[in-house]
Each structure stands twice: as structure tokens, then as C-alpha cells.
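Residues per chain, in single letters:
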Amino acid sequence: MSEVIRVSTDSDEIKYLCCRDKRLAKVIHMIGPITYKPYENEYSFLVQQIIGQMLGNKVASKITERLVALCDGEITPNAIRGIDDSLIKGTGMSMPKVQYIRNLTSVIENGELQFETINGLDDREVIKELTKIKGIGEWTAKMYLIFVLNRMNVLPYEDMAFLQAYGWLYKTDDYSKGSVTKKCRKWSPYSSLAARYLYKALDGGLTKQEFHLYK
């Protein structure tokens, strides 16, 4: 089982981020310690990311719940193989997403994708291998790096939730790749932890109020 990971202002990584970015430091102190556990079921995680593409969290969560119920409690290749496309689509998914899930299931069952192998690769290679699968893009691959493999230096500039919190933090509406990567370069090599705090800020409702550095 994956261990529960806790980070706080006493952690060396968080001390580093606080020294490098005073705006992020304030958010970290507002939120306090965070705990998380890397996702253990790689296949289920990727299926859920496919479901969540271009959808809000509430809608994606509801569709996922329905699919889990169809799979008798756990999304696995065996369970998906035994369910008709029409039933999967009936959860609220589009037919292209049903096909993406079929693609993923197929490459796992025929051995083209082996999690034990890709999980040992570096970040760039993991992205390269995952994006070979139709329906999995760079955003999904980065989510896998952060939330399954717990890689520390992933900047998810493709993710709308991250960008929403980023815009709030820096008071900007420039979400271009170049601008975001330049602004967040100072987080390296702990970009993933910075992103986790921004996700927490968004989920906790902090971004509903204007960010003030010195207030």
C-alpha cells in the first residue's frame, strides 16, 4: 500500500518553496500541513482522468461513481471488458471517451503498456509512453506523474484548475505556456508540491477572495 505523505512548513521542500516565492509562502501558511496518498490503481486512475477531460469535477465524479457501480466496486480491465459500450456510455460519457477507455484496456491486456515498466522511467519518458495511447494526452500523463508516481517536479500548466489558482495567486490572466513556466520556474525542483497547494487553495475556496500578499 502507498504510504500517507505529510508536508508542512517544517519540511525541507516546503521551506525551499517558501524562500523562493513569497506569494506561494503565504498560501502555504494559510493552508497549513497537507497529507496525501499516491493513487495505487494505475488503470483506474487513467480511466478517471479520461472521464474528467473537459468536464467539471462534480460531473466527472458522478460519472465515475456510476462506472464504479457498473464494475461492482472497482474499475479494472476485466470489469470493463465485461461491460457493453452502451452501458458505459449510459453513465454520461461520450462515445469517444468510451473508445479511449477501450484503447487503454486493450494496450494493457496485450502487454503494450506495463505499469511496472513505465513507473521506473523518468518523467519525460513516462509522458512519451502514456501519450502513445489514443485518448491520453500530456495533461493526463502529468496527472499520472503527480498523483500516482508522486514525482516532485511536474508543472501542470495544461490543467484548468491549476491555472485558475495560478491566476488568483499572481493576479494575472496570462495563461500562456511561456508565461506560466517562466513565472513558476522558481518552484523547481518541487513544482508538484506547489501545484498541490494551489489545488488545495482552489478546493478550499480561498480563490473566491482576492489574494493580498500583505493583508
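What you see is a predicted model, and the numbers here were worked out from it, not measured in a lab.

Thresholds applied
Here the residue numbering is sequential within each chain, running from 1 through the sequence in written order. Where totals are concerned, whole chains, interfaces and linings use all residues; where local detail is concerned, this predicted model gives features only for residues with pLDDT of at least 70, and gives and counts side-chain atom pairs only at 80 or more. Hydrogens are left out, water is left out, and the side-chain values use all remaining heavy atoms of the structure. Lines fitted to the C-alpha atoms define the axes, with helices restricted to the stretch that makes contact. Angles between their N-to-C directions range from 0 to 180 degrees. The secondary structure listing takes helices from DSSP runs of H or I that are at least 4 residues long and strands from runs of E that are at least 2 residues long, numbered from the N terminus. Orientation labels follow simple angle bins: below 35 degrees gives roughly parallel, above 145 gives roughly antiparallel, 65 to 115 gives roughly perpendicular, and whatever is left gives oblique. The contact criterion used is simple: two residues touch if any of their non-hydrogen atoms lie within 4.5 Å. For this scheme, ten residues count as nonpolar: Ala, Val, Leu, Ile, Met, Phe, Trp, Tyr, Cys and Pro. Four count as charged, namely Asp, Glu, Lys and Arg, and the remainder, Gly too, count as polar. Salt bridges are identified by distance alone: a Lys or Arg side-chain nitrogen within 4 Å of an Asp or Glu carboxyl oxygen. Three labels apply to residues, based on accessible area from a 1.4 Å probe with only protein chains included: buried if under 20% of the type maximum, exposed if over 50%, partly exposed otherwise in between.

Draft legend 1. Representation of the packing of helix α1 (residues 12–20) against helix α13 (residues 191–203). In the contact formed by α1 and α13, the axes pass within 10 Å of each other and the chain directions differ by 80°. Comparing the axis directions of α1 and α13 gives the class roughly perpendicular. Seen from α1, the contacting residues are Glu13, Ile14 and Leu17; seen from α13, they are Leu193, Ala194 and Tyr197. When grouped by side-chain class, the residues that make up the contact of α1 with α13 number 5 nonpolar, no polar and 1 charged.

Draft legend 2. Structural detail: the pattern of salt bridges. Under the defined criterion, the tally for this structure stands at 8 salt bridges. Note that Lys171 and Glu210 form a salt bridge whose closest N and O atoms lie 3.0 Å from each other. One end of the pair, Lys171, is in the loop between α11 (160–170) and α12 (177–184); the other, Glu210, is in the segment after α13, with 39 residues separating them in the sequence. Given a relative accessible area of 43%, Lys171 falls into the partly exposed group. Among the residues examined, Glu210 registers a relative accessible area of 54% and is labelled exposed.

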